[in-house]
Amino acid sequence: MAEQRKLAAIMFTDIRGFTHVMNEREALALELLRIHNLTLDEASGRHGGVVVKSIGDSYLIYFGSAVNALRCALEAQEAFKVYNVGKADADSLLVRISLHVGDVVTAGNDFYGDGVNLASRLQGVTPPGGICISREVYSQVKGKLPCQFVNLGIKQLKGIAEAVEVFQVYPPGAGPSEDRVLITLKPALPSPRAPPPR
């Protein structure tokens, strides 16, 4: 089948410590995987996403809209939070969710390319239970969802040649102290110029 290129919002997910839990407590691991898959199947379906494939305890999901991708991520994390109520940390389901908008190559039902690779590598800087997005996603979602965005700075991601600006996303009221919250980036004001000599 011929390859096609398109701009896409790509989501990657990953369950914290899944391999260790699978080795030590298989029944719990399978239950966590079931809840992860069910939650993301339902949330992505509500927001126009398509689950491209599952890779062990990870999902690759395609969206035509960065806003819908972030809506899905926020909804899923809220569902995982509700699931974890009353559970010990060792029994909790903590999922890393990372998002990037970029050029992807589609071949049949699979997705490849730099856009997919970068979304995957963002997992390396995403905390368990958190959502991290690239600058490209932030540029498309700022001001459109009631989120808090914290600029984590420029990160050199494994296997990615150019450094990437990363933002962590929090639902309303769940972010860090206000001095670190970035609701909307504004362009810096130009430095005042000295008056011309008389």
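Structure report, in brief. These numbers come from a predicted model, not from an experiment. (Residues numbered from 1 in each chain as written. Predicted model: local features only at pLDDT ≥ 70, side-chain atom pairs only at ≥ 80, totals over all residues. Heavy atoms only, no water.)

## Re the overall build of the chain
Step number 1: Along the backbone of the chain there are 5 helices and 8 strands.
Step number 2: Reading the secondary structure of the chain in the N-to-C direction produces β-α-α-β-β-α-β-β-α-β-α-β-β.
Step number 3: Considering only intrachain contacts with a sequence separation of at least 6, the fraction spanning at least 24 residues in the chain is 68%. (Helix = DSSP H or I, 4+ residues; strand = E, 2+ residues; numbered from the N terminus. Contact = heavy atoms within 4.5 Å.)

## Describing the packing of aromatic side chains
Step number 1: Summed over all chains, the structure comprises 2 aromatic pairs.
Step number 2: On the numbers, 5.0 Å between centres and 80° between planes, the contact of Tyr-138 with Phe-149 is edge-to-face. Taken together, the positions of Tyr-138 in helix 5 (residues 135-141) and Phe-149 in strand 7 (residues 148-155) put the pair 11 residues apart, joining distant regions of the chain. In terms of burial, Tyr-138 and Phe-149 fall into one category: buried.
Step number 3: Between Tyr-138 and Phe-167 the ring centres are 4.3 Å apart and the planes differ by 10°, which places this aromatic pair in the stacked class. Pair noted here: Tyr-138 is in helix 5 and Phe-167 is in strand 8 (residues 164-170), with a separation of 29 residues, a long-range link. (Phe/Tyr/Trp six-rings, centres within 6.5 Å; stacked < 30°, edge-to-face > 60°. Buried < 20%, exposed > 50% of the residue type's maximum accessible area, 1.4 Å probe, protein only.)

## A closer look at the environment of Arg-46
Step number 1: You can see Arg-46 is positioned in helix 2 (residues 26-46).
Step number 2: Accessibility expressed as a relative area gives 53% for Arg-46, which makes it exposed.
Step number 3: For Arg-46 and Cys-72, which are 26 residues apart along the polypeptide, the C-alpha to C-alpha distance reads 7.8 Å.

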